[in-house]
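What follows is the residue order along each chain.
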Amino acid sequence: MTFASLERPSSVRILVAEDDPITQRLLQSTLARLGWDVITAPDGLEAWRLLETLEGKDAPELVLLDWMMPGLDGIEICRKLRTTRGFELMYIILLTSRSGKEDLAMGLAAGANDYITKPFHPAELESRVRVGQRVVKLQTSLAARIKELEAALSEVKQLQGLLPICSYCKKVRNEANYWQQVEAYITSTSDVQLTHSVCPSCMERVMREIEEVPR
Amino acid sequence: MTKSASVSASPEVLDEKALLVTVGGDRGLARELAQIFLQELDSRMPEMASAVLARDKTRLQFAAHVLRGSAASLSATRVTNTAAELETMARAGEMATADATFARLKGELGSLSARLTMLIRDL
């Protein structure tokens, strides 16, 4: 059973850069069968061109890069992605027939998030791409949340610092050096809305004054 | 797959069971991959022969690397191993036995091509 039956792999678009036509076709077919949207590049230069030109919903969110390709290899693309504005968070999986620990370390140091050795097993490919999909989803969700918070923060008016207030009439002096009623000042400098009421001590005082009024 | 095809196949030349696992049981895809491999050989072999003759290590390394990847994806173990030998030789710059290794590779590719042709017919 594949994980696809448990969770539909929604809209993640994957770029596969692989110069070996057999492996490229195999990757394309396996990923498409699992429901992912796949675009392919036969070498590193074409992969980079696609990354630079595809925008919006056409842009890939995850790339599978063969290590050894003519023109521009997978390691070089990793490094370029990590130093190019807008691509810093791209999820990168390196594909290679190299399986040494040094190779693994070199690939990750170049900026890859993960690593698959060839020939790959379809279940391993699916699992690793699904991890990438989760990370991409989390990053997208966090970025949207941060954007919302930044927008909310820009709308918040916050009162802070020293505020001169008249000891007798209780007016406050605003930034324009104008003496203003406390009520007007608060409503103009914050998102607070005042509702009118009478506190218990004032209520007692007012009631006493009313009773003392000659009838 | 016919019985004769299974019996005559050497597992080292082509592991059909492993290939079917790789393609997720999709026999059509397995046939398509075999066809692509045979088509690619037409251009790959002259390129490799030329690189061996010219003792061009970079070209040989690349050509052997791609052949190794293709053969490994098909679970063609014998060709994978010999292509890997050539790739390692080229990377290390040790070309003394490149001719003999390439000749061996050609023989193994002949067996693999015959096996893939049967596979295309039988799947």
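A few points on the structure. (Residues numbered from 1 in each chain as written. Chains lettered and ligands numbered in written order. Predicted model: local features only at pLDDT ≥ 70, side-chain atom pairs only at ≥ 80, totals over all residues. Heavy atoms only, no water.)

What about the sheet that holds strand β5 (residues 114–117) of chain A?
All names here are of chain A.
Consideration 1: The parallel open sheet is built from five strands, whose spatial order is β2-β1-β3-β4-β5. The two strands at the open ends of the sheet, each matched to only one other strand, are β2 (37–41) and β5. With direction set aside, neighbouring strand axes in the sheet form an average angle of 20 degrees.
Consideration 2: Bridge count for strand β1 (residues 13–17) against strand β3 (residues 62–66) is four bridges, and the pairing is parallel. (Pairing = 2+ DSSP bridges. Helix = DSSP H or I, 4+ residues; strand = E, 2+ residues; numbered from the N terminus. Axes fitted to C-alpha atoms, helices over the stretch in contact; angles between N-to-C directions.)

So, the nonpolar core
Consideration 1: The biggest cluster of nonpolar side chains holds 58 residues, and the ones touching the most others in it are A:Leu64, B:Phe37 and B:Met48.
Consideration 2: Per element, the largest residue contribution to this core is 11 residues, and it comes from helix α3 (residues 27–53) of chain B.
Consideration 3: Non-local contacts of B:Met48, meaning those with residues more than four positions away in its chain, are made with B:Leu60, B:Ala63, B:Ala64, B:Leu67, B:Leu86, B:Phe102 and B:Leu105.
Consideration 4: A:Ala41, A:Val63, A:Ile75 and A:Ala112 belong to the second-largest nonpolar core, a separate cluster that totals 24 residues. (Core = buried A, V, L, I, M, F, W, Y, C linked by side-chain atoms within 4.5 Å. Buried < 20%, exposed > 50% of the residue type's maximum accessible area, 1.4 Å probe, protein only. Contact = heavy atoms within 4.5 Å.)

Looking at the interface of chain B and chain A
Consideration 1: Chain B puts 22 residues into the contact, and the matching count from chain A is 17 residues.
Consideration 2: The three residues of chain B that bury the most area against chain A are B:Thr22, B:Phe62 and B:His65, which together make up 27% of that side's buried surface.
Consideration 3: Put simply, B:Glu32 and A:Arg25 hold a salt bridge, and the shortest N to O gap is 2.4 Å.
Consideration 4: Linking chain B with chain A are five residue pairs in polar contact (both at pLDDT 80 or more), by the criterion used here.
Consideration 5: Elements with a minimum of two residues in the side of chain B that touches chain A: α2 (16–22), α3 and α4 (57–73) of chain B.
Consideration 6: For the side of chain B that touches chain A, a count of residues per class yields 10 nonpolar, seven polar and five charged. (Buried area = accessible area lost by both parts, 1.4 Å probe. Salt bridge = Lys/Arg side-chain N within 4 Å of Asp/Glu carboxyl O. Polar contact = N/O pair within 3.5 Å; in protein donor to acceptor, adjacent residues only side chain to side chain. Nonpolar A, V, L, I, M, F, W, Y, C, P; charged D, E, K, R; others polar.)

A word on the environment of A:Thr30
All names here are of chain A.
Consideration 1: With respect to the helices and strands, Thr 30 occurs in helix α1 (residues 21–33).
Consideration 2: Thr 30 sits in the buried class, given a relative accessible area of 1%.
Consideration 3: In this structure, the C-alpha to C-alpha distance between Thr 30 and Pro 200, residues 170 residues apart in sequence, is 75 Å.
Consideration 4: Excluding residues that lie within four positions of it along the chain, Thr 30 makes contacts with Phe 120, Pro 122 and Leu 125.

Focus: the pairing of β5(A)
All names here are of chain A.
Consideration 1: Here strand β4 (residues 91–96) pairs with β5 via four bridges, running parallel. Residue pairing in the sheet places Leu 95 in a bridge with Ile 116 of β5.
Consideration 2: For the handedness criterion, the β-α-β arrangement of β4, helix α4 (residues 101–109) and β5 is classed as right-handed. (Right-handed = clockwise from strand over helix to strand, strands pointing away.)

A short note on the packing of helix α5 (residues 77–92) of chain B against helix α6 (residues 98–122) of chain B
All names here are of chain B.
Consideration 1: Running from N to C, α5 and α6 point in directions that differ by 160 degrees, and their axes come no closer than 9 Å. Accordingly, the angle class assigned to the pair α5 and α6 is roughly antiparallel. Relative to α6, α5 is oriented so that their crossing is left-handed. When α5 is examined against α6, the residues Arg 78, Val 79, Thr 82, Ala 83, Glu 85, Leu 86 and Met 89 are found in contact with a partner set consisting of Ala 98, Thr 101, Phe 102, Arg 104, Leu 105, Glu 108, Leu 109 and Leu 112. (Parallel < 35°, antiparallel > 145°, perpendicular 65-115°, else oblique. Left-handed = near helix turned anticlockwise from the far one by under 90°.)

Here's the deal with the pattern of salt bridges
Consideration 1: Taken as a whole and assessed by the stated rule, the structure comprises 21 salt bridges over all chains.
Consideration 2: The partner of A:Glu204 in a salt bridge is A:Arg208, with the nearest N and O atoms 3.7 Å apart. Within this pair, A:Glu204 and its partner A:Arg208 are both found in helix α7 (residues 200–212), separated by four residues, close to a single helical turn.
Consideration 3: Between B:Arg115 and B:Glu16 there is a salt bridge, with its nearest N and O atoms 2.1 Å apart. In this pair, B:Arg115 sits in helix α6 while B:Glu16 sits in helix α2, placing the two residues 99 residues apart along the sequence. Pair check on accessibility: B:Arg115 and B:Glu16 agree, each one buried.
Consideration 4: Connected through shared salt-bridge partners, A:Glu18, A:Asp66 and A:Lys118 make up one network.

What is shown is where atoms sit, not what they do.
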